[in-house]
Amino acid sequence: MQSIRIIGPGRAGTSLAAALAGRGWDVVGFLGRHDDLTHAAHGVDVLVIATPDDVVARVAASVAPNGRTTVVHLSGSLGLDVLAPHRRRGALHPLIPLPNAVVGATRLTSGVTFAVTGEPVARAMALSLGGRVVDVADADRAAYHAAACIAANHVVALLGQVERVAAAAGLDLEAFLPLTRAAVDDVEALGPRRALTGPAVRGDWDTLSRHLDALPARERAGYQAGAALATQLAASSASSASSASSASTVPPVPTIPAAV
């Protein structure tokens, strides 16, 4: 296997190092924010930049190019242009949260999807970890990463709202997690449209309005955003069913009235 050096000993970098080392790759070490990066690309086949997105370009520019070394970043939102002036460039982004090196390494080798672009070594790294590889071009990476953030970060934020609202009713988050897990399982089995349940599907605007009345003002915007997405999905489902049966056009979904 090829040799790899990693710039950025954080959660992503240490997770990747542990996972690749377990698959036989030669991980020669890490460099951090206080190290001289000038010669980081020398003496290895692959240099991985595992830093936050906003410093990837600056870090790449601080490394002297080596024509035999491929420089790879782990960003989901950035293209290959940020790795200038290096000639051999790649990107590898795992679609999985990496909370620490132990959990991260296990997840990286569990068959997750990796978005790759650039030099073949990025694909080789993903395949050696047993991953599912998808090619995401530079022009599509911002939209791809937005979807990734919605799938993970936004879901976590919504569960934070569940925790707060449930607490007002004297319940804890744990009581609601089986509901969330079942909903995700249904999405996997049926797709989002068929998995959607609740008042938005039924057109029960009175119930949605009562929800808003029960919520404190600081929670209403988040609830309205989620309800709007649910009604949009419900409308698209009804529209598809209507088109399939050559029925009349589905009427527009009414706006949920704000609580006063």
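Notes on the structure follow. (Residues numbered from 1 in each chain as written. Predicted model: local features only at pLDDT ≥ 70, side-chain atom pairs only at ≥ 80, totals over all residues. Heavy atoms only, no water.)

## Describing the overall build of the protein chain
Helix and strand counts for the protein chain stand at 10 helices and seven strands. The C-alpha atoms of the protein chain give 23 Å as radius of gyration, which overshoots the globular expectation for 260 residues (18 Å, by more than 25%). Residue pairs in contact within the protein chain that sit at least 24 positions apart in sequence constitute 54% of those at least 6 positions apart. Split by element, the accessible area of the protein chain, about 14300 Å² in all, is 58% carbon and sulfur. Distance between charge centres in the protein chain, computed from 21 positive and 21 negative side chains, equals 3 Å. (Helix = DSSP H or I, 4+ residues; strand = E, 2+ residues; numbered from the N terminus. Rg over C-alpha atoms; globule rule 2.2 N^0.38 Å. Contact = heavy atoms within 4.5 Å. Areas by Shrake-Rupley, 256 points an atom, 1.4 Å probe, with all protein chains shown as cover. Lys, Arg positive; Asp, Glu negative; His and termini not counted. Charge placed at Lys NZ, Arg CZ, Asp CG, Glu CD.)

## Section: the packing of helix H1 (residues 11–22) against helix H3 (residues 101–108)
Where H1 contacts H3, the axes come no closer than 8 Å and their chain directions differ by 55°. In terms of orientation, H1 lies oblique with respect to H3. Judged by the sense of rotation from one axis to the other, the crossing of H1 with H3 is right-handed. Along its contact with H1, which presents Thr14, Ser15, Leu16, Ala18 and Ala19, the element H3 presents Ala101, Gly104, Ala105 and Leu108. Of the residues assigned to the contact of H1 with H3, the class counts are six nonpolar, three polar and no charged. (Axes fitted to C-alpha atoms, helices over the stretch in contact; angles between N-to-C directions. Parallel < 35°, antiparallel > 145°, perpendicular 65-115°, else oblique. Left-handed = near helix turned anticlockwise from the far one by under 90°. Nonpolar A, V, L, I, M, F, W, Y, C, P; charged D, E, K, R; others polar.)

## Remarks on unusual backbone geometry
Omega for the bond connecting Ala84 with Pro85 falls within 30 degrees of zero, at 15°, which places this linkage in the cis form. Among the secondary structure elements, Pro85 is positioned in the loop between strand S4 (70–73) and strand S5 (89–94).

## Topic: the nonpolar core
Residues Ile4, Leu16, Val48, Leu92, Phe114 and Met125 are the most contacted members of the largest nonpolar core, which totals 25 residues. For this core, the secondary-structure elements that each account for two or more residues are strand S1 (3–7), H1, strand S3 (46–49), H3, strand S6 (113–118) and helix H4 (120–128). Not counting the four nearest positions on each side in its chain, Leu16 is found in contact with Val48, Leu74, Leu92, Leu108, Met125 and Leu129. Ranked by size, the runner-up nonpolar core spans 16 residues in total, among them Ile7, Ile49, Ala60 and Leu83. (Core = buried A, V, L, I, M, F, W, Y, C linked by side-chain atoms within 4.5 Å. Buried < 20%, exposed > 50% of the residue type's maximum accessible area, 1.4 Å probe, protein only.)

## So, H4
All of the buried residues along H4 are Val121, Ala122, Met125, Ala126 and Ser128. Viewed along the axis of H4, the buried residues span an arc of 170°, placing them on a single side of the element. (Arc of directions from axis to C-beta.)

## Some words on the pairing of strand S7 (residues 132–135)
Note that S6 and S7 share four bridges and pair parallel. Across the sheet, residue Phe114 finds its bridge partner in S7, namely Val133. With H4 bridging S6 and the parallel S7, this β-α-β connection has right-handed handedness. (Pairing = 2+ DSSP bridges. Right-handed = clockwise from strand over helix to strand, strands pointing away.)

## A closer look at the sheet that holds S3
Strand order in the open sheet formed by seven strands is S2-S1-S3-S4-S5-S6-S7, with mixed pairing between adjacent strands. Looking along the sheet, the strands with just one partner apiece sit at the ends: strand S2 (26–31) and S7. Averaged over all neighbouring strand pairs, the angle between strand axes comes to 25°, with direction disregarded. Looking at chain direction, S4 and S5 are connected through three bridges and run parallel. If you follow Val72 over to S5, its bridge partner there is Gly90. With respect to the sheet, H1 is in contact with S1, S2, S3 and S5, its orientation differing from that of S2 by roughly 165°.

## Description of the environment of Asp26
The topology assignment puts Asp26 in strand S2. Look at Asp26 and you get partly exposed, because its relative accessible area is 41%. Separated by 19 residues in the primary sequence, Asp26 and Asp45 have C-alpha atoms spaced 9.7 Å apart. In this view, Asp26 contacts Gln2, Ser3 and Ile4; residues no more than four positions away in its chain are not counted.

## Some points on the pattern of salt bridges
A full pass over the atoms with the stated rule returns three salt bridges. A salt bridge links Asp135 to Arg123; the nearest nitrogen and oxygen atoms lie 2.6 Å apart. Taken together, the positions of Asp135 in strand S7 and Arg123 in helix H4 put the pair 12 residues apart, joining distant regions of the chain. A relative accessible area of 32% means that Arg123 is categorised as partly exposed. (Salt bridge = Lys/Arg side-chain N within 4 Å of Asp/Glu carboxyl O.)

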